[in-house]
Amino acid sequence: MKDIKHYINGQYVGSASGKLFDNVNPVNGKVISKVHEAGREEVDAAVRAAKAALRGTWGKMPLDERTSILHKVADGINARFDEFLEAECLDTGKPKSMASHIDIPRGAANFKVFADMIKNVPTESFEMPTPDGTGALNYAVRRPKGVIGVISPWNLPLLLMTWKVGPALACGNTVVVKPSEETPTTTALLGEVMQDAGVPDGVFNVVHGFGGDSAGAFLTEHPLVDGFTFTGETGTGEVIMKAAARGIRDISLELGGKNAGLVFADCDMDKAIEGTMRSAFANCGQVCLGTERVYVERSIFDEFVGRLKEAAEGLKIGPPEDTEANMGPLVSLKHREKVLSYYQKALDGGATVVTGGGVPDMPEELAGGAWIQPTIWTGLPEHSAVITDEIFGPCVHLCPFDTEEEAIELANSLPYGLASAIWSENITRAHRVAGQIEAGIIWVNSWFLRDLRTPFGGSKQSGIGREGGVHSLEFYTEMKNICVKL
Ligand SMILES: NC(=O)c1ccc[n+]([C@@H]2O[C@H](COP(=O)([O-])OP(=O)(O)OC[C@H]3O[C@@H](n4cnc5c(N)ncnc54)[C@H](O)[C@@H]3O)[C@@H](O)[C@H]2O)c1
Ligand SMILES: O=C/C=C/C=C(\O)C(=O)O
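Residues numbered from 1 in each chain as written. Chains lettered and ligands numbered in written order. Predicted model: local features only at pLDDT ≥ 70, side-chain atom pairs only at ≥ 80, totals over all residues. Heavy atoms only, no water.

A. Region of interest: the UniProt feature "domain: Aldehyde dehydrogenase" (unreviewed entry) in the chain. Annotation from UniProt places "domain: Aldehyde dehydrogenase" (unreviewed entry) at residues 13-482. The straight-line gap between the two end C-alpha atoms of residues 13-482 is 43 Å; of that span, 41% is helix and 20% is strand. (UniProt positions renumbered as here; feature names shortened; annotations may be inferred. Helix = DSSP H or I, 4+ residues; strand = E, 2+ residues; numbered from the N terminus.)

Set out below in structure tokens:
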């Protein structure tokens, strides 16, 4: 069986401890590979390699050369598209139809976009008077922040990891990546692409393992890491923030959400149903931007519930290679336990189960997988855990509202503030409501439409900082002002 090793200083290496853990295919529960678990020793070697690489050829490389290497990385991902696709779908169980349109192309785009951007973003300069009349000139320059610790989740593994590694390398940093223990394969494969593209040893390093008391914690506790970028749960973000406080290291946190959809009676119903189907069920509901609570204006509530039910019941659950399937399993049986505990809470709380609510019957060869039904509820009170907690499954609670003010208040009622989707053909209303929603990303008549130049991140407990466009460059560089007395 294949074993997945760390990638440190340009070499694939195993753990000194010999500790391995299972990588399980969520489609059938079978072990697909064994993964080396990093101890402090491997994490230390990776961080030191990254530190040394800053002072090596990478640190001295002209910008044009660096960015052309990053274009080669993107081309390398595209050249091995099918391998990346296969690996991502084995680790996550997601439909190939989705990963081939979203995950893998974005993995390549994340390198190209930021390589081009860093070449075209100006810095500022200010002339100032001085008492002796000669004046002074201030100008700002960008320098890499240093060694960046990248800690990424399992839901969009290649997409979310490269969303950080792309701009970090474009800005001249070096990285140590700790991918999710659930989905190590595409990050490991990226090491080969980096090597072939001519990325110098030590610039891109990967250590595998778990979070607490494992590779994740060892990385955040390592004093030579200069900054951390993390995507994952809010609770994990708190732990990482504490670790980063030691030594005053910078952080960028993209955290959990419990995003609201708002559907007004003046929406285009077809668009609202199509968009809500995606925002509730895409990637088996495992998208941080998903809408697990949707508020619908009362006059169209019954119609909306009926149409969403019909559409949800039309979803085809199946394994990645089933070309008709548009819903895969959850990432693991453990995650399914969590999601099913909320399905039970909904029942206990007196919800009306509009559709789903359990585990589908699957053919024998798939019976060991983490399959789950897409689920719609109505009738729960706003304080119930199903409405306040991020479940991260293919489920949505629908609730009617009467006024615009009430809809805004409901959307803003939770301590999260990642994203929201508003459905209305009244453009004045859409702008007015969008301006009042407490979230970092608002979509009007769309969902998960991404322009990589835009600010991306959450407010309240959904994160700190923004990445995307110049905001990524802000995080991954130190801005230095040079003041010259003339
Ligand atoms: N805001 C966003 O952009 C965004 C995007 C995708 C996912 N998410 C969030 O991610 C979560 C799902 O992902 P997950 O379950 O993998 O999240 P998670 O927080 O459990 O794990 C994320 C990563 O952190 C590591 N980790 C866990 N504990 C750690 C510790 N103590 N120290 C260092 N590293 C540690 C894990 O091993 C993994 O690599 C959801 O909450 C989702 O909303 C947010
Ligand atoms: O699950 C969360 C999805 C996040 C998406 C991005 O970070 C992105 O599109 O850049």
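Following the structure, the description resumes.
B. Geometry of the side chain of Ser33. Relative to the helices and strands, Ser33 is located in strand E5 (residues 31-36). Residues within four places of Ser33 in sequence aside, it is in contact with Met1, Lys2, Ile4, Phe21, Asp22 and Asn23. (Contact = heavy atoms within 4.5 Å.)

C. Up close: the site of ligand 1. Near ligand 1 lie 30 residues; those nearest to it are Lys178, Glu181, Thr236, Leu255 and Glu390. In this structure, Lys178 approaches ligand 1 through a side-chain N or O atom, which is 2.7 Å from an oxygen atom. Separating an oxygen atom of ligand 1 from a backbone N or O atom of Glu233 is a distance of 2.9 Å. In isolation ligand 1 exposes 850 Å². Once the protein is present, 92% of that is buried. Among the detected pockets, ligand 1 sits in the largest pocket. Of all elements in the fold, only helix H9 (215-221), strand E11 (227-231) and helix H10 (234-245) reach the threshold of two or more residues within the shell around ligand 1. If one sorts the elements of the shell around ligand 1 by residue count, H10 sits on top with 3 residues. Residues of the shell around ligand 1, tallied by class, amount to 15 nonpolar, 10 polar and 5 charged. Here the shell around ligand 1 spans two domains, since at least three of its residues come from each of domain 1 (2-256 + 462-485) and domain 2 (260-444). (Near = heavy atom within 4 Å. Polar contact = N/O pair within 3.5 Å; in protein donor to acceptor, adjacent residues only side chain to side chain. Areas by Shrake-Rupley, 256 points an atom, 1.4 Å probe, with all protein chains shown as cover. 1 Å grid on protein atoms, 1.4 Å probe; cavity = no way out; pocket = protein on both sides within 12 Å on 5 of 7 lines; lining within 4 Å. Sits in = over half its atoms within 2 Å of the grid points. Nonpolar A, V, L, I, M, F, W, Y, C, P; charged D, E, K, R; others polar. Domains from an automatic or database assignment.)

D. Local environment of the sheet that holds strand E4 (residues 20-24). An order of E1-E5-E4 is seen for the 3 strands of this open sheet, with the pairing classed as mixed. Looking at which strands have only one partner, the edges of the open sheet turn out to be strand E1 (3-4) and E4. When E4 meets E5, the two strands line up antiparallel, connected through 5 bridges. Across the sheet, residue Asp22 finds its bridge partner in E5, namely Lys34. (Pairing = 2+ DSSP bridges.)

E. Quick peek at the site of ligand 2. In the vicinity of ligand 2, the residues found are Arg106, Asn155, Leu156, Leu159, Leu160, Trp163, Val287, Cys288, Leu289, Phe448, Arg450 and Phe456. With respect to ligand 2, the side chain of Asn155 contributes an N or O atom lying 2.8 Å from an oxygen atom. Contact between ligand 2 and Cys288: an oxygen atom at 2.8 Å from a main-chain N or O atom of the residue. Compared with its free state, where it exposes 300 Å², ligand 2 has 99% of that area covered by protein.

F. Representation of the packing of helix H7 (residues 157-170) against helix H8 (residues 185-197) in the model. Relative orientation of the contacting elements H7 and H8 amounts to 40°, with a least axis distance of 10 Å. The angle between H7 and H8 falls in the class oblique. Relative to H8, H7 is oriented so that their crossing is right-handed. From H7, Pro157, Leu158, Met161, Thr162, Val165 and Leu169 reach across to H8, where they touch Thr186, Thr187, Leu190 and Met194. Looking at the contact of H7 with H8 residue by residue, the classes come out as 7 nonpolar, 3 polar and no charged. (Axes fitted to C-alpha atoms, helices over the stretch in contact; angles between N-to-C directions. Parallel < 35°, antiparallel > 145°, perpendicular 65-115°, else oblique. Left-handed = near helix turned anticlockwise from the far one by under 90°.)

G. Inspection of the domain arrangement of the chain at higher detail. You can read the domains of the chain as domain 1 (2-256 + 462-485) and domain 2 (260-444). One C-alpha centre belongs to domain 1, the other to domain 2; they are set 31 Å apart. Taken together, the contact pairs 22 residues of domain 1 with 27 residues of domain 2. Considering only the side of domain 1, the residues that lose the most area to domain 2 are Val27, Trp154 and Ser462, jointly responsible for 28% of the buried surface there. At the boundary of domain 1 with domain 2, the tally comes to 0 salt bridges. Joining domain 1 to domain 2, the criterion identifies 8 residue pairs in polar contact (both at pLDDT 80 or more). Going through the elements one at a time, helix H4 (81-92) and helix H5 (96-99) are the ones with two or more residues in the side of domain 1 that touches domain 2. Residue composition of the side of domain 1 that touches domain 2, grouped by class: 8 nonpolar, 9 polar and 5 charged. (Buried area = accessible area lost by both parts, 1.4 Å probe. Salt bridge = Lys/Arg side-chain N within 4 Å of Asp/Glu carboxyl O.)

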